[in-house]
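Residue strings, one per chain:
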2 protein chains.
Amino acid sequence: MENIFTDAFFMKKALQEAEIAFEKGEIPVGAVIVIDNKVIARTHNLTELLHDVTAHAEMQAITSAANFIGGKYLKNCTLYVTLEPCQMCAGALYWSQISKIVFGASDENRGFQKMGTQLHPKTQVVSGVLEKECGDLMKAFFKNKR
Amino acid sequence: MENIFTDAFFMKKALQEAEIAFEKGEIPVGAVIVIDNKVIARTHNLTELLHDVTAHAEMQAITSAANFIGGKYLKNCTLYVTLEPCQMCAGALYWSQISKIVFGASDENRGFQKMGTQLHPKTQVVSGVLEKECGDLMKAFFKNKR
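Keep in mind that what you see is a predicted model, and the values were worked out from it rather than measured.

Participant: Provide a residue-level description of the interface of chain B and chain A, including the pertinent values.
Facilitator: Residue-level contacts link 29 residues of chain B with 29 residues of chain A. Taken together, both faces of the contact between chain B and chain A bury some 2,400 Å²; the carbon and sulfur share is 60%. It is Val53, Lys72 and Trp95 of chain B in chain B that bury the most area against chain A; as a group they hold 28% of the surface buried on that side. We note a salt bridge from Glu48 of chain A to Lys72 of chain B, for which the minimum N-O separation is 2.7 Å. Here chain B is connected to chain A by 10 residue pairs in polar contact (both at pLDDT 80 or more). At the level of secondary structure, the elements contributing two or more residues to the side of chain B that touches chain A comprise α2 (47-50), α3 (57-69) and α4 (87-96) of chain B.

Participant: Before we move on, could you go through the layout of surface pockets and cite the residues and values that matter?
Facilitator: Its volume calculated, the largest pocket comes out at about 830 Å³. For the largest pocket, the lining is made up of 33 residues, of which Ile27, Asp107, Met138 and Phe142 of chain A together with Trp95 of chain B are closest to its centre. Those elements that provide at least two residues to the lining of the largest pocket are α2 (57-69) and α5 (131-145) of chain A together with α4 of chain B. For the lining of the largest pocket, a count of residues per class yields 14 nonpolar, nine polar and 10 charged. Taken as a whole, the second largest pocket encloses approximately 720 Å³ of empty space. Lining the second largest pocket we find 30 residues, and of these Trp95 of chain A together with Ile27, Leu83, Asp107 and Phe142 of chain B sit closest to its centre. Counting only elements with at least two residues in the lining of the second largest pocket, the list comes to α3 (87-96) of chain A together with α3, β3 (77-83) and α6 (131-145) of chain B. Per-element tally for the lining of the second largest pocket: the top contributor is α6 of chain B, with four residues. Of the residues belonging to the lining of the second largest pocket, the class tally is 15 nonpolar, eight polar and seven charged.

Participant: Tell me about the pattern of salt bridges, and name the residues and values.
Facilitator: Residues and elements named next belong to chain B. In total, this model carries six salt bridges over all chains according to the counting rule given. Put simply, Lys100 and Asp7 hold a salt bridge, and the shortest N to O gap is 3.4 Å. Of this pair, Lys100 sits in strand β4 (residues 100-105) while Asp7 sits in helix α1 (residues 7-23), and the two are 93 residues apart along the sequence. The exposure class assigned to Lys100 is buried, which follows from its relative accessible area of 19%.

Participant: Run through unusual backbone geometry, naming residues and quoting values.
Facilitator: You will see that Gln97 of chain A, though not glycine, has its phi angle at about 55°, which is positive. Secondary-structure assignment places Gln97 of chain A in the loop between α3 and β4 (100-105). At Leu130 of chain B, a position not held by glycine, the phi torsion is positive, near 55°. Within the secondary structure, Leu130 of chain B is located in the loop between β5 (124-127) and α6.

Participant: So what's going on with the nonpolar core? Residues and values would help.
Facilitator: Within the largest apolar cluster, 88 residues are counted, with the highest numbers of intra-cluster contacts made by Ile33 and Leu79 of chain A together with Ile33 and Leu79 of chain B. When sequence neighbours within four positions are dropped, the list of residues in contact with Leu79 of chain A reads Ala31, Val32, Ile33, Glu58, Ala61, Leu93, Ile98, Lys100, Ile101 and Val102 of chain A.

Participant: Before we move on, could you go through the sheet that holds strand β1 (residues 30-35) of chain A and cite the residues and values that matter?
Facilitator: Residues and elements named next belong to chain A. With mixed pairing, the five strands of this open sheet are ordered in space as β2-β1-β3-β4-β5. Two strands lie at the open edges of the sheet, namely β2 (38-44) and β5 (124-127), each paired on one side alone. In this sheet, neighbouring strand axes are inclined to one another by 15° on average, regardless of whether the strands run parallel or antiparallel. In this sheet, β5 lies alongside β4 in parallel orientation, the contact comprising four bridges. Its bridge partner lying in β5, Val102 is registered against Val126.

Participant: Outline empty space enclosed by the protein, supporting the account with residue identities and numerical values.
Facilitator: Taken as a whole and assessed by the stated rule, the structure comprises one cavity of 30 Å³ or more. Its boundaries defined by the atoms lining it, the largest cavity holds a volume of some 30 Å³. Considering the residues around the largest cavity, the lining is formed by Cys86, Gln87, Met88, Arg110 and Met115 of chain A together with Gly91, Tyr94 and Trp95 of chain B. Ranked by residues supplied to the lining of the largest cavity, first place goes to α4 of chain B with three residues. Class assignment of the residues belonging to the lining of the largest cavity gives a composition of five nonpolar, two polar and one charged.

Participant: Can you explain helix α1 (residues 7-23) of chain A? Please cite residues and give values.
Facilitator: Residues and elements named next belong to chain A. Its 17 residues place the ends of α1 25 Å apart at the C-alpha level, agreeing with the 24 Å of an ideal helix rising 1.5 Å per residue. In this structure, the buried side of α1 is in contact with β1, β2, β3 (77-83), β4, β5 and α5. Backbone geometry just after α1 places Gly25 at a positive phi near 80°.

Participant: How would you summarise the relation of the copies chain B and chain A if you had to cite specific residues and measurements?
Facilitator: Expressed as a screw operation, the relation of chain B to chain A combines 0.0 Å of axial shift with a rotation of 180°, fitting to an RMSD of 0.0 Å. What the rotation and shift describe, once combined, is the action of a two-fold rotation axis. Relative to the rotation axis, the closest C-alpha in chain B is found at Met88 of chain B, a distance of 2.0 Å.

Basis of the calculations
Residues numbered from 1 in each chain as written. Chains lettered and ligands numbered in written order. Predicted model: local features only at pLDDT ≥ 70, side-chain atom pairs only at ≥ 80, totals over all residues. Heavy atoms only, no water. Contact = heavy atoms within 4.5 Å. Buried area = accessible area lost by both parts, 1.4 Å probe. Salt bridge = Lys/Arg side-chain N within 4 Å of Asp/Glu carboxyl O. Polar contact = N/O pair within 3.5 Å; in protein donor to acceptor, adjacent residues only side chain to side chain. Helix = DSSP H or I, 4+ residues; strand = E, 2+ residues; numbered from the N terminus. 1 Å grid on protein atoms, 1.4 Å probe; cavity = no way out; pocket = protein on both sides within 12 Å on 5 of 7 lines; lining within 4 Å. Points joined across faces, edges and corners; volume = space filled by probe spheres on them. Nonpolar A, V, L, I, M, F, W, Y, C, P; charged D, E, K, R; others polar. Buried < 20%, exposed > 50% of the residue type's maximum accessible area, 1.4 Å probe, protein only. Core = buried A, V, L, I, M, F, W, Y, C linked by side-chain atoms within 4.5 Å. Pairing = 2+ DSSP bridges. Axes fitted to C-alpha atoms, helices over the stretch in contact; angles between N-to-C directions. Expected span 1.5 Å × (residues − 1). Least-squares fit on C-alpha atoms with pLDDT ≥ 70 in both.

Okay, here's the thing in structure tokens:
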């Protein structure tokens, strides 16, 4: 039997969250955190609604997953996020010692790779999963804003 | 009349917060955010209690100050924090466009300066205010732990 639990499978769930952010007028970034093929956190960017720069999808997902686990380390967890994490989110992921980060679209300006933010040595990174879909949603958002 | 509202004056308040963290068994870091010589946020590290790597003093202070202001940008605000911010907190401070950051002790291993985290160009940084007091509290904490 084919394994349905691919990176694209979970990125679609992150993309659904990004679409909810879009509908709310938020920069459309969504995230899920998965352990043993089970989604334990499902979040989207809420910086405008909450007037809070720390309310990125990833930050909420980390807090939510840690609550679920009952511990602060996200070992054996994978974060799926539609946009490459920023310095803040990558810094939080560093502390969490998360096992794997999968992101969709790259952020050439504010992404952690360009900024040189350090992840935990245990963390594996995969990029470009559903890159076009994730990037197109961002482009549609900023086109609407102009 | 002498100006009582010096950087040391507000760092003492951050240090009081760090002492509360110490008493709770948390890594003793405290922070306050000040606008027009008025403290609008007062926080300490709660990562252990909350099982949440994002619960650094600075992150809570940013959220708290933004709630007070009713907006996400911390213009004309100064953060006083007993320890040099990490990548995550510096990344959050970048987004907040805070005017000034004053820290006590340096963090040679995980501090944002060593890690190369970028702050907002509008943000001024002052270091070493009550450095010994802030650093001594950290040392006492880790000595207790051994």
